[in-house]
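# Reading the structure
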Amino acid sequence: MPRAKLLRSTPIRFALTYGLLFVFTSLAVWLVSFELLRRELREELDVAVRETYSVIEATYASDDIEDLVGTMDSFVRLNADGSRVFALLDRSGKILSGNLKHAPPREGFETVSALQLGLAGDEQFRILSGDVGGNRLVVGESFKEMEDLAQIVLVSFGWSSALAALLAFATGAYLARSAQDRLDVVAASMAAVSRGQLDVRIPLKGSGDDVDEIAGHINQALERLSTLVESMRQVSTDIAHDLKTPLNRLKLLVDEAATRSLNDEAMRSLLEEALAECDQINTTFDALLRIAQIEAGARKRHFLPVALDQLVYGIAETYADVADDNGQSLRTERIDAVEIQGDKDLLTQMLVNLIENAITHCPPGTAISVGLERSGECWSLFVADDGPGIPENERENIFRRLYRLDKSRTTPGNGLGLSLVRAIADLHGATVNVNDNLPGTRITLSFAP
Amino acid sequence: MRILVIEDDRKTSDYIAKGLNEAGHQCEVVADGRDGLFQATQGSYDILVVDRMLPHLDGLSIVKAARAARVRTPVLLLTAIGGVGDRVEGLEAGADDYLIKPFAFSELLARINALARRPPVQEQRTVLRVADLEMDLVRRLVTRAGQNIDLQPREFTLLEALMRAEGRVLTRTMLLESVWDYHFDPKTSVVETHISRLRAKIDRPFDVPLLHTVRSTGYSLHAPR
């Protein structure tokens, strides 16, 4: 991966950010603890110096400095590495005993360099001096041991931090890399889709993690998209085919009217036929537009409470007479009170389409029934008949736009009625099912929240 | 009647103007939305026929602006889009009726006639009367020549619509809209079925028919002329 792209990658930026954050945090922690440690060690040094001072001072008896000198000498002897310094000065400032060449001028605790004490090297000493029976006692200890200890702490801490940071960066880079790889796969898939390969799907890892989840959603969207595109392709072919027939008939009619010399009556009848063809084409287009409009879902803003039971009663009342004139019967079965949020005009058209379908596709003598049942928040609406029925393998096809069963080719209709029913049902969140009514057809709309 | 037609498609406006002139109306055509609004507010017309899609100012805006300017002339909106939402929008904007293209001229004429004779204020009539046919709206009773006629609720509403429009033609679509509240074209003969049943009850037992079929247009209820 080129460096510019590497830096734009979100997982790698995350890893870098967190790695740096880790380094800065441990640096701060380390600084604070190092400072605390130094302070602690210094205090301990003061305590040690004071203790040594007290031990030496205790050997002084009034006006007798022999013991004092002796003690000091043995301290000096035991102090082979020179980390401790001692001195005993008399009133005039002359050094009576000890390993120092100069003594610091003031009393109390002080930090001085080796040079000031007349010693070689560049060490620092912590010294305490005080008055013991008129003489001055000086006791000191080098910082070297403390510095050495601090040095060890510093180095070990530094190494462990560096190791941890390295590990953090490496893990981050590895995780980032694997996340980036998966994102790259998604990006490559989407690029393929944008080139028109709608059958591409993002491979899932199967771990159910967030990338898998998003990839799953994308796959679902792609699935729906390709179904839509396919059905659109299908529909445009169907439309072209379906409109070509009436347009051809229209052309023949107009052609006949234009070329043959006809009397008024014959002419009028030709024109009326042409008009009927035009109306048919218009109706088909209107229905197609309506379905498209409904599928776009824009009509949801017109949703109002609709009493479905009243709607069913009203339509059943109207169509009972129409069925009766057709030698059929239409009756209502159980009708429960159901109120839904919906578009009353569309729901009316939906139910009318279902009932008219039963009326136009069934022979005289058919009994048609309508029912509306509710249980809790769910409701189902059905229109059933005991007519010839629909073959099982055709039951899904009847909802396709412009689709008509072979035996219905001769009955009026454009093959859009049930597509419209499904579109309206979809808009209201209901599903449409076709079942065998033994004998006949039962179309059920069910809604479950 | 003086009718203003605001429509930008020449063929459609010619077709409308020619038909209206033949029906004995005076018709003016404007092709632009802004000019149309100016004419509608300045001239005195009995009916405005307004297309929804117009250059410079669309039909809905013309209706809204005209109503805001207190122009009370009845408006018939024409549209190529037949959605229910659009119809509601049109009526809310202040239009009185709505017709979807393509339409038969007889449909347009019937609607224009219906608009022109729409009573200016809704009168509170409780009894409708056409010849010897009487409808009591309060007690929901129908009698002809003193004989009680038993009607189904839908037949009653259908007869009421026809009686209120006495002498005028109501098209199949107008009846579907006003009596059934159906804003689509049913496949079966809903209107014909109910008209024939109504006719069997109010006309057949009597000598003089009142309910007339107007060929390829619609129905009209009136006393013999």
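Definitions and cut-offs
- Per chain, residues are indexed from 1 in the order of the written sequence.
- Numbering of ligands from 1 and lettering of chains from A proceed in the order in which they are written.
- Residue-level local features of this predicted model are given only where pLDDT is at least 70; pairs of side-chain atoms are given and counted only at 80 or more, and the full residue set underlies all totals for whole chains, interfaces and linings.
- Strands here mean DSSP runs of E at least two residues long; helices mean DSSP runs of H or I at least four residues long; both are numbered from the N terminus.
- Counting other C-beta atoms within 10 Å of a residue's own tells you its class, since 20 or more makes it buried, 12 or fewer makes it exposed, and anything in between is partly exposed; those C-beta atoms are placed from the backbone.
- We call two residues in contact when their backbone-placed C-beta atoms lie within 7 Å.
- Taken from the helix axis, the directions to the C-beta atoms give the arc we talk about.
- Residue polarity is assigned by list, with Asp, Glu, Lys and Arg as charged and Ala, Val, Leu, Ile, Met, Phe, Trp, Tyr, Cys and Pro as nonpolar; anything else, Gly included, falls into the polar class.
- At least two bridges found by DSSP between two strands is the condition for calling them paired.
- Here, axes are lines fitted to C-alpha atoms. For helices the fit covers the stretch in contact, and angles between N-to-C directions go from 0 to 180 degrees.
- As a per-residue measure, pLDDT tells how confident the predictor is, with possible values from 0 to 100.
- Joining buried Ala, Val, Leu, Ile, Met, Phe, Trp, Tyr and Cys residues through C-beta atoms within 7 Å gives a set, and that set is a nonpolar core.
- Comment on the angle field: the value is read as roughly parallel under 35 degrees, roughly antiparallel over 145, roughly perpendicular from 65 to 115, and oblique elsewhere.
- Here is the rule for handedness: rotate from the far helix to the near one, and if that takes an anticlockwise turn smaller than a right angle the crossing is left-handed, while a clockwise turn gives right-handed.

### So, the overall build of chain A
When helices and strands are counted, chain A shows nine helices and 12 strands. Looking at the 449 residues of chain A, the share that counts as buried comes to 25%. The contacts in chain A between residues at least 6 apart in sequence include a share of 61% that link residues at least 24 apart.

### A look at helix H2 (residues 33–42) of chain B
Since one α-helical turn is 3.6 residues long, residues separated by three or four positions face the same way. Residue and element names in this part refer to chain B. Looking only at H2, the buried set comprises Gly-33, Gly-36, Leu-37 and Ala-40. Along H2, the residues classed as buried sweep out an arc of 100° about the axis, all on the same side. On the buried face of H2, the contacting elements are strand S1 (2–6), strand S2 (26–30), strand S3 (47–51) and helix H3 (59–68).

### Details of the interface of chain B and chain A
Facing the 20 residues of chain B at the interface are 22 residues of chain A. Listing elements by their share of the side of chain B that touches chain A, those giving two or more residues are helix H4 (84–93) and helix H8 (190–202) of chain B. Broken down by element, the residue count for the side of chain B that touches chain A peaks at four residues, all from H8(B). Considered class by class, the residues forming the side of chain B that touches chain A number eight nonpolar, eight polar and four charged.

### A look at the pairing of strand S5 (residues 135–142) of chain A
Residues and elements named next belong to chain A. For S5, a buried count of seven out of eight residues is recorded, marking the element as mostly surrounded by other parts of the structure. Here strand S1 (residues 84–89) pairs with S5 via six bridges, running antiparallel. By the bridge assignment for S5, Arg-84 is matched with Glu-141. Where strand S4 (residues 124–132) meets S5, eight bridges bridge the pair, whose relative direction is antiparallel. Residue pairing for S5: Ile-127 is matched across the bridge by Gly-140. In sequence, S4 turns back onto S5 through a hairpin of two residues, with Gly-133 there showing a positive phi of about 50°.

### Here we look at helix H9 (residues 417–427) of chain A
Residue and element names in this part refer to chain A. Burial of H9 is extensive: 10 of the 11 residues sit out of reach of the surface. Those residues of H9 not exposed but buried are Gly-417, Leu-418, Ser-419, Leu-420, Val-421, Arg-422, Ala-423, Ile-424, Ala-425 and Leu-427. Structurally, H9 contributes buried residues whose contacts are with helix H6 (264–295), helix H8 (344–361), strand S11 (431–436) and strand S12 (441–447). Following H9 by one or two positions, Gly-429 adopts a phi angle in the positive range, close to 75°.

### Re the sheet that holds strand S5 (residues 97–100) of chain B
All names here are of chain B. Judged by pairing direction, the sheet is parallel, and its five strands sit side by side in the order S2-S1-S3-S4-S5 without closing on themselves. The open sheet has two free edges, formed respectively by S2 and S5, since each of these has just one partner strand. Averaged over all pairs of adjacent strands, the angle between their axes in this sheet comes to 20°, without regard to strand direction. The pairing of S3 with strand S4 (residues 75–79) spans four bridges and is parallel. Note that in S4 the partner of Asp-51 across the bridge is Leu-78.

### Things to note about the confidence of the model for chain B
In this model, chain B carries an average pLDDT of 89, and 95% of its residues clear a pLDDT of 70 or more. Here the predicted complex scores 0.64 on pTM and 0.80 on ipTM.

### A short note on the nonpolar core
Membership of the largest hydrophobic core comes to 75 residues, with the highest contact counts inside it found for Leu351(A), Ile355(A), Ile424(A) and Leu159(B). Ignoring any residue separated from it by four or fewer positions in sequence, one finds Leu351(A) in contact with Leu311(A), Val312(A) and Ile315(A).

### Details of the environment of Glu134(B)
Relative to the assigned elements, Glu134(B) resides in strand S7 (residues 133–136). Since 17 C-beta atoms lie within 10 Å of it, Glu134(B) is described here as partly exposed.

### Concerning the sheet that holds S4(A)
Residue and element names in this part refer to chain A. The strand order across the open sheet formed by five strands is S2-S1-S5-S4-S3, and the pairing between neighbours is antiparallel. Two strands in the sheet have a free side with no partner beyond their single neighbour: strand S2 (95–98) and strand S3 (108–113). Neighbouring strand axes in the sheet, compared pairwise and without regard to direction, differ in orientation by 25° on average. Relative to S4, S3 is paired through six bridges, and the arrangement is antiparallel. Paired with Thr-111 across the two strands is Arg-126, which belongs to S4.

### Overview of the environment of Leu354(A)
Residues and elements named next belong to chain A. Within the fold, Leu-354 resides in helix H8. C-beta crowding within 10 Å serves as the criterion here: with 23 such atoms nearby, Leu-354 is assigned to the buried category. As for Leu-354 and Gly-417, which are separated by 63 residues in sequence, their C-alpha atoms are 7.9 Å apart. When near neighbours in sequence (up to four residues on either side) are disregarded, Leu-354 contacts Val-383, Val-421 and Ile-443.

### Thoughts on the packing of helix H6 (residues 153–164) of chain B against helix H7 (residues 172–180) of chain B
Residues and elements named next belong to chain B. Where H6 contacts H7, the two axes come as close as 10 Å, and the packing angle between them is 125°. Judged on the interaxial angle alone, H7 and H6 are oblique. In this structure, H6 crosses over H7, and the sense of that crossing is right-handed. Each of Thr-157, Leu-158 and Ala-161 in H6 lies in contact with H7, whose residues at this interface are Leu-175, Ser-178 and Val-179.

### Points about unusual backbone geometry
Excluding glycine, residues mostly have negative phi values, and the peptide bonds linking residues are mostly trans. Between Leu438(A) and Pro439(A) the backbone carries a cis peptide bond, its omega angle lying at -5°. Structurally, Pro439(A) can be placed in the loop between S11 and S12. In this structure, the amide linkage connecting Lys101(B) to the following residue, Pro102(B), adopts the cis form with an omega of -5°. Its place among the elements puts Pro102(B) in the loop between S5 and helix H5 (105–116). Phi angles above zero are rare outside glycine, and Ala145(B) is one such case at about 50°. Assignment of secondary structure puts Ala145(B) in the loop between strand S8 (141–144) and strand S9 (147–149). The partly exposed category is assigned to Ala145(B), around which 13 C-beta atoms lie within 10 Å.

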